[in-house]
Amino acid sequence: MNSIMRISLHEAMEASFGLLAFAFPLVWFVTDGSAKTISQALLLLFFVFFVQRPEIRKNALVIACLSFSLLLYIEYLWHHLTIPDHLFGGRPPSNYAYFFSFFPIIAYGTIVWKRINPFYLLVGALLGFVIFLVWHTPYSHWLLAFKGARVDFGFRNAEHAGIFFATGLLCTFFFGFRVYRLRSSALRFLAFSGIVFFAVLMLFGVIATQTRAVWLGLLGGLLTASVLALMTRGLQPVLAWLRRPSHVIPLLLAAVAAAVLFDALDVSRRIAARLAQEEIGVETIREAARFDERAQLSSSGARIAMWRAAPDWIVERPMLGWGVFSAKKLIKADDRFAPEFKEQFGHLHNSYIEALVAVGIVGLIAMFAIVGLIGRSVYVAWREGAMPWAVFLFSWAFLVFWGIVNFFESYINYKTGFYVNSVIFGFIYAFYVQRPAPSSCTEAGPVTRVGKVAAQ
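The structure contained in this document is the topic of the report that follows. (Residues numbered from 1 in each chain as written. Predicted model: local features only at pLDDT ≥ 70, side-chain atom pairs only at ≥ 80, totals over all residues. Heavy atoms only, no water.)

## Quick word on helix α2 (residues 36–52)
What counts here: Numbering of helices and strands runs from the N terminus; a helix is a DSSP stretch of H or I covering at least four residues, while a strand is a stretch of E covering at least two. Residue count minus one, scaled by 1.5 Å, sets the expected span of a helix. Note on classification: 1.4 Å probe, protein chains only; a residue is buried when its accessible area is under 20% of the maximum for its type, exposed when over 50%, partly exposed between these limits. As used here, the arc is the angular range of directions from the helix axis to the C-beta atoms. Every residue pair with non-hydrogen atoms within 4.5 Å of one another is taken to be in contact.
Its 17 residues place the ends of α2 25 Å apart at the C-alpha level, agreeing with the 24 Å of an ideal helix rising 1.5 Å per residue. Restricting attention to buried positions, one finds in α2 the residues Ile 38, Ser 39, Leu 42, Leu 45, Phe 46, Phe 49 and Phe 50. Take α2 and look down its axis: the buried residues cluster within an arc of 150°, on one side only. Facing away from the buried side of α2 by more than 90 degrees, the exposed set consists of Lys 36, Thr 37, Leu 44 and Val 51. Buried residues along α2 sit in contact with α1 (9–30), α3 (54–57), α4 (60–82), α5 (94–101) and α6 (103–108).

Structure (structure tokens):
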């Protein structure tokens with residue numbers, strides 16, 4: 001007689017938490033960034049397991065994230081009581097709380113139910129990104145991008161599209177080689193073809209979005225990874241891997257495909273034209289800093305003018321700031337800006353200055369503390385052999401890339417920044433939470449990385 005397998009409520013919640021965590025990267029794209037229900041369900045389930053599991057309650061980063069969220073709402077009450085309505089943004093700091101606290105929830109979703117490979121988070125993000133591009137980017141926009149126009153591919157603007165393409169390019173660069181672990185040669189060929197297509201698509205997007213901050217971030221991230229690879233002697237297994245002709249030939253084909261793409265898109269001309277579009281010299285900086293109306297209305301001039309005005313706002317409320325999303329009202333109340341400027345700009349195009357204005361020195365220090373704990377977790381997971389060498393290098397490359405692009409855009413305010421921050425740091429932090437318990441480590445000390453890396 002057939003029987004139905006019975007599961008307890010606790011097991012059902014564990015399964016739901018894990019499935020929702022892995023569904024989030026795909027669902028977010030499919031719903032065009034409106035996956036509030038799934039994020040709220042994940043948050044609720046996480047608090048259930050936070051109460052039940054001591055290892056989560058004792059996690060330093062989780063404690064830091066919860067403390068930061070509590071600090072934000074305490075500041076919000078203080079802002080509400082002390083800031084005039086015409087200067088107070090009025091919105092609760094939920095965006096900031098989610099931005100800095102949601103990625104551990106994604107990470108724990110890989111382990112609460114079953115120990116699931118964190119790479120499935122990236123697979124879901126890849127599928128969602130491709131679906132989004134197919135659904136939201138008309139064929140005419142692809143043609144315009146190919147001819148040299150700057151397009152946004154259905155995102156808020158080209159800057160926001162650029163961070164997705166650049167993040168996808170970093171993922172492809174560091175993890176594309178994993179397709180060679182497939183045992184079936186037929187599957188390996190299909191997977192490699194998919195990786196080459198995805199790499200070309202990401203490279204095309206990085207070029208087409210014409211975002212200088214993204215180019216600079218990619219350069220900084222890849223240079224950082226290169227230095228770390230030399231310092232950790234991590235290039236040894238790569239060189240050993242390249243000794244096989246079956247590995248070298250596909251790489252050469254990929255290089256040829258990239259060269260053909262660069263030639264077809266006339267990349268050097270596009271980059272030169274974009275870099276020369278706004279000449280930033282000493283006089284330009286002086287004019288913008290003096291709030292010259294003509295200089296203010298350019299992209300670079302607007303940033304310089306706002307960054308010049310921000311310290312005056314910060315010194316008035318240095319410790320706790322003016323409140324989240326108050327920058328727009330501060331700009332409108334500042335007589336130094338032209339009326340046209342006030343209509344066009346409502347945030348500071350710099351996540352760090354934006355944070356200082358919004359939550360003050362106390363809030364910014366708490367943010368940097370969370371970032372520092374992320375960096376520590378990457379190092380610990382790598383030293384204990386729980387994080388593959390490629391993930392270790394990718395983690396630091398992305399941290400540098402993310403740090404640079406946030407200097408030129410307030411991604412902290414937007415759902416696109418929240419998504420990238422949550423999925424990528426959730427993926428990175430998952431290796432830390434999945435590492436074996438400290439008691440299971442040998443007494444001989446940290447794992448020797450050279451031998452360990454060769455196996456990975």
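## Comments concerning the nonpolar core
Short version of the rule: Throughout this description, the term nonpolar core refers to a set of buried Ala, Val, Leu, Ile, Met, Phe, Trp, Tyr and Cys residues connected via side-chain atoms within 4.5 Å.
Counting residues in each nonpolar core, the largest one holds 112 residues, and the members touching the most others are Phe 24, Phe 153, Phe 175, Phe 394, Trp 402 and Phe 427. By residue number, the principal contributor to this core is helix α22 (residues 415–433), which donates 13 residues. The residues contacting Phe 24, other than those within four sequence positions of it, are Ile 38, Ser 39, Leu 42, Phe 102, Ile 106, Phe 418, Tyr 419 and Val 423. The next biggest cluster of nonpolar side chains, apart from the first, holds 23 residues, and it includes Leu 87, Met 306, Trp 313 and Ile 353.

## Points about the packing of helix α9 (residues 158–175) against α22
Spelled out, the test is: In this analysis, axes come from line fits to C-alpha atoms, helices being fitted only over the stretch in contact, and the angle between any two N-to-C directions falls in the range 0 to 180 degrees. What sets the label is the angle itself: under 35 degrees gives roughly parallel, over 145 gives roughly antiparallel, 65 to 115 gives roughly perpendicular, and the rest give oblique. Each crossing gets its hand from how the near helix is turned against the far one by less than a right angle, where anticlockwise is left-handed and clockwise is right-handed. The nonpolar class holds Ala, Val, Leu, Ile, Met, Phe, Trp, Tyr, Cys and Pro. Asp, Glu, Lys and Arg form the charged class, and all remaining residues, Gly among them, are polar.
Interaxial distance between α9 and α22 falls to 10 Å at its minimum, and their mutual angle equals 15°. The orientation of α9 with respect to α22, classified from their angle, is roughly parallel. Considering only the axes of α9 and α22, their crossing is left-handed. Along the contact surface, α9 presents His 160, Ile 163, Phe 164, Thr 167, Cys 171 and Phe 175, while α22 presents Thr 416, Tyr 419, Val 420, Ile 424 and Phe 427. Broken down by class, the residue content of the contact of α9 with α22 amounts to eight nonpolar, three polar and no charged.

## Some details on the packing of α4 against α5
Relative orientation of the contacting elements α4 and α5 amounts to 170°, with a least axis distance of 9 Å. Judged on the interaxial angle alone, α5 and α4 are roughly antiparallel. Listed contacts from α5 to Cys 65, Phe 68, Ser 69, Leu 72 and Tyr 73 of α4 are Ser 94, Tyr 96, Ala 97, Phe 100 and Ser 101. Partitioned by chemical class, the residues of the contact of α4 with α5 number seven nonpolar, three polar and no charged.

## Considering the side chain of His 349
Selection criterion: Whenever two N or O atoms come within 3.5 Å, that pair is a polar contact, provided that in protein one can donate a hydrogen and the other can accept it, and provided that, for residues adjacent in sequence, both atoms are side-chain atoms.
For His 349, the location among the structural elements is in the loop between α19 (339–344) and α20 (351–383). Looking at His 349, its side chain comes within polar contact range of the side chain of Arg 303, at 3.3 Å. Those residues in contact with His 349 that sit more than four places away from it in its chain are Arg 303, Met 306, Trp 307, Glu 354, Phe 407, Phe 408, Glu 409 and Ser 410.

## Considering unusual backbone geometry
Positive phi is not limited to glycine here, since Phe 153 has a value of about 55°. Positionally, Phe 153 belongs in the loop between α8 (139–146) and α9. Given a relative accessible area of 0%, Phe 153 falls into the buried group. The residue Gln 210 is not glycine, and still its phi comes out positive at about 50°.

## A short note on the packing of aromatic side chains
Quick reminder of the rule: Within 6.5 Å between ring centres, the rings of Phe, Tyr and Trp (the latter by its six-membered ring) count as paired, and their orientation is classed by plane angle as stacked under 30 degrees, edge-to-face over 60, tilted in between. Two conditions define a charge sitting above a ring: the NZ of Lys or the CZ of Arg must be within 6 Å of the ring centre, and it must be within 35 degrees of the ring normal.
Scanning the entire structure with this criterion turns up 56 aromatic pairs. Ring plane angle 55° and centroid distance 5.4 Å describe the contact between Phe 102 and Phe 418, whose orientation is recorded as tilted. Placement of the pair is Phe 102 in the loop between α5 and α6 and Phe 418 in helix α22, with a sequence separation of 316 residues. The class of Phe 102 is buried, set by a relative accessible area of 1%. Judged by its relative accessible area of 14%, Phe 418 falls in the buried class. Both rings, one in Phe 174 and one in Phe 394, keep their centres 6.0 Å apart while their planes meet at 70°; by these two values the pair is edge-to-face. Here Phe 394 lies in helix α21 (residues 389–405) and Phe 174 lies in helix α9, a separation of 220 residues in the sequence. Each of the two residues, Phe 174 as well as Phe 394, counts as buried. The residue whose ring lies beneath Arg 91 is Phe 325, and the NZ or CZ to ring-centre distance is 4.1 Å. Across from the ring centre of Tyr 432, 3.9 Å away, lies the NZ or CZ of Arg 435, which sits over that ring.

## A word on empty space enclosed by the protein
What counts is decided by this rule: Each cavity reported here is a set of points on a 1 Å grid over the protein atoms alone in which a 1.4 Å probe fits but cannot get out, each pocket an open set with protein on both sides within 12 Å along at least five of seven lines, and each lining residue one with an atom within 4 Å of a point. Grid points are joined across faces, edges and corners, and a volume is the space filled by probe spheres set on the points.
Using the criterion set out here, one finds one cavity of 30 Å³ or more in the structure. What the largest cavity holds in volume is close to 40 Å³. Mapped onto the lining of the largest cavity, the elements with two or more residues apiece are α4 and α20. No other element matches α4, which puts four residues into the lining of the largest cavity.

## A word on the pattern of salt bridges
Heads up, the rule is: We define a salt bridge as a side-chain nitrogen of Lys or Arg found within 4 Å of a carboxyl oxygen belonging to Asp or Glu.
Here the structure, examined in full by the defined rule, presents eight salt bridges. The residue Glu 159 makes a salt bridge to Arg 150 at a minimum N-O spacing of 3.3 Å. With a closest N to O distance of 3.3 Å, Arg 308 and Asp 312 form a salt bridge. Here Asp 312 and Arg 308 lie together in helix α17 (residues 299–316), a separation of four residues that amounts to about one turn. For Arg 308, a relative accessible area of 36% puts it in the partly exposed group. Shared partners join several salt bridges into a network, and the residues in it are Arg 308, Asp 312, Asp 334 and Arg 336.

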